[in-house]
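Spelled out, the chains give:
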Amino acid sequence: MNTRIAPELVEQHNRARQSELDADYSALAAHLQRRHVDIEALTQRAGQFAVAIPSWGVGTGGTRFARFPGVGEPRHVFDKLDDCGVIQHLTRATPTVSLHIPWDDADPSALREQASSLGLAFDAMNSNTFQNQEHQAYSYKFGSLSHTDQATREQAIEHNIRCIEIGKALGSEALTVWVGDGSNFPGQVHMGQQFDRYLEALQAVYVALPDSWQLFTEHKMYEPAFYSTVVQDWGSSYLIASELGPKASCLVDLGHHAPNVNIEMIVSRLARFGKLGGFHFNDSKYGDDDLDSGSIDPYRLFLVFNELVDIEKRQGSSFKPAYMLDQSHNVTDPIESLMSSAIEVQRAFIQASLVDREALAGYQADNDVMMASQTLKQAFRTDVDPILRQSRKQQGGAIDPVAAYRESGYRQAVSTARPAISGSSSGIV
Ligand SMILES: [Mn+2]
């Protein structure tokens, strides 16, 4: 079975869309020229953009009620890599994959070999102490790195260190730690002591990090713990990263905040103090909905990138936060959702790059509120799609990745080799 997309298919797809793209690109070039913006430089910038795919994202997600599996779902990490290869081939914006241990446990040299044959590399490693693993001695029902029992904490520390070891063999250079530890009832835990235990345990993981590595601490307001969570908010996350040391920084998942929280301000604060490590992109309407990036509030995504581009301009190329998607696809083909999400994140990046920062600084200094707001809106309203299409085409990707994917018949082709997973296991993870 051929699990790859044929290059000829992409070429044919692009040929059919070439004249339309040329017309759109020329029109946008002329428009941007009037604003003194060089479209070629922006197209090149789009080509340098990269966001990692989470290995778990290519499987169909679910809720705590049910999961409705799709056809041709990946059976194991090697199938997941194939799917990630398709996403990268068509979008050219997702050259790395982020693995979750133990879900993706496999021989590192086999993983490396397959990834490189698909033009992929490995992004941050993700540890998992929010569920029990087969054959483990102690349960995480009441916590892991912050558990009251020392042996359970040690087991969780060892798991994280093992993730680092696997990551070293894969060429990864970061560990993302998210725990479900917290409490479900007032009085269940001593919140101060629980935080102390967590800090001490994570310190033991931190000292096992190679010098070139980073540790990302990811906060989440609630779920699975519904009264308190040990790494509840960006303040707790910042305290942890500061206590640990220079290799530790904060990871901002867009869904892990209270509703309507000003995430772009958090981005600005963390970056100001050198503790903005990376992102998990997704979108939400009510809570941690894990919807496709840019599907609900594209302006918020733009405002986050507005801060990021501003910080990049101030700090230079040393500012390189890790970008990753973290979504759950319950009712769409995960490959289609991940492709369109990667493009939405890339779109926000390019729109934010269009902000006239000199003019904005002037309006801010003069307290010209209306014009400052309009300056952002002008960039956000600009349809940069021709730039994204052109960039993909130049790099061998597809002008319209979702259409090319459907034309390829990839999902039907893999469905014969990947029999449907029986039953309906509940829950995303
Ligand atoms: Mn996340």
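Cut-off values and rules
Residues numbered from 1 in each chain as written. Predicted model: local features only at pLDDT ≥ 70, side-chain atom pairs only at ≥ 80, totals over all residues. Buried ≥ 20, exposed ≤ 12 C-beta atoms within 10 Å, placed from the backbone. Helix = DSSP H or I, 4+ residues; strand = E, 2+ residues; numbered from the N terminus. Pairing = 2+ DSSP bridges. Right-handed = clockwise from strand over helix to strand, strands pointing away. Axes fitted to C-alpha atoms, helices over the stretch in contact; angles between N-to-C directions. Parallel < 35°, antiparallel > 145°, perpendicular 65-115°, else oblique. Left-handed = near helix turned anticlockwise from the far one by under 90°. Contact = placed C-beta atoms within 7 Å. Nonpolar A, V, L, I, M, F, W, Y, C, P; charged D, E, K, R; others polar. Arc of directions from axis to C-beta.

Draft legend 1. Molecular detail of the pairing of strand β9 (residues 248–253). Most of β9 sits inside the fold, with six of its six residues counted as buried. Here strand β7 (residues 214–218) pairs with β9 via four bridges, running parallel. Counterpart to Thr217 in the pairing with β9 is Cys250. Note that β9 and strand β10 (residues 276–281) share four bridges and pair parallel.

Draft legend 2. Quick look at the sheet that holds strand β1 (residues 53–54). Pairing in this open sheet of three strands is parallel, and the strands run β1-β2-β3 from one edge to the other. Strand pairing shows two members of the sheet lacking a second neighbour, β1 and β3 (121–122), which therefore form its edges. In the sheet, β1 pairs with strand β2 (residues 96–98) via two bridges, with the strands oriented parallel. Of the residues in β2, the one forming a bridge with Pro54 is Ser98.

Draft legend 3. View of the environment of Leu9. Looking at the secondary structure, you find Leu9 in helix α1 (residues 7–34). In sequence terms Leu9 and Glu407 are 398 residues apart; their C-alpha atoms lie 8.1 Å from each other.

Draft legend 4. Up close: the pairing of β10. The element β10 is largely enclosed, with a buried count of six among its six residues. For the crossover from β9 across helix α8 (residues 263–272) to β10, the handedness is right-handed. Two strands pair when backbone bridges link them, and β10 and strand β11 (residues 322–325) are joined in this way by four bridges, in the parallel orientation. Looking at β11, one finds that Phe281 is bridged to Leu325. One crossover worth recording links β10 to the parallel β11 by way of helix α9 (residues 298–315), and it is right-handed.

Draft legend 5. Main features of the packing of helix α4 (residues 108–117) against helix α5 (residues 150–170). Viewed as axis vectors pointing N to C, α4 and α5 meet at an angle of 45 degrees, and their least axial separation amounts to 9 Å. Taken together, the axis directions place α4 and α5 in an arrangement best described as oblique. As α4 runs across α5, the sense of the crossing is right-handed. The segment α4 lies against α5, with Pro108, Leu111 and Arg112 engaging Ile166, Ala169 and Leu170. By residue class, the composition of the contact of α4 with α5 is five nonpolar, no polar and one charged.

Draft legend 6. Here's a closer look at the sheet that holds strand β4 (residues 125–126). Here six strands make up an open sheet; going across it, the order is β4-β5-β7-β9-β10-β11 and the pairing parallel. Both edges of this open sheet fall to β4 and β11, since each of them pairs with a single strand only. Note that β4 and strand β5 (residues 174–177) share two bridges and pair parallel. Among the inter-strand pairings, Asn126 is bridged to a residue of β5, identified as Thr176. Packed on one face of the sheet, helix α7 (residues 234–244) meets β7 and β9 and runs near 160 degrees to β9.

Draft legend 7. Quick look at helix α15 (residues 410–417). Every buried residue of α15 is accounted for by Tyr410, Arg411 and Val414. Along α15, the residues classed as buried sweep out an arc of 90 degrees about the axis, all on the same side. Every exposed residue of α15 that faces more than 90 degrees away from the buried side is listed here: Gln412 and Thr416.

Draft legend 8. The arrangement of the packing of helix α11 (residues 357–365) against helix α12 (residues 369–381) in detail. At their nearest, the axes of α11 and α12 sit 8 Å apart, and the two run at 160 degrees to each other. When the axes of α11 and α12 are compared, the pair comes out roughly antiparallel. For the pair α11 and α12, the crossing hand works out as left-handed. Contacts between α11 and α12 pair Ala359, Leu360, Tyr363 and Gln364 from the former with Met371, Ala372 and Thr375 from the latter. For the contact of α11 with α12, a count of residues per class yields five nonpolar, two polar and no charged.

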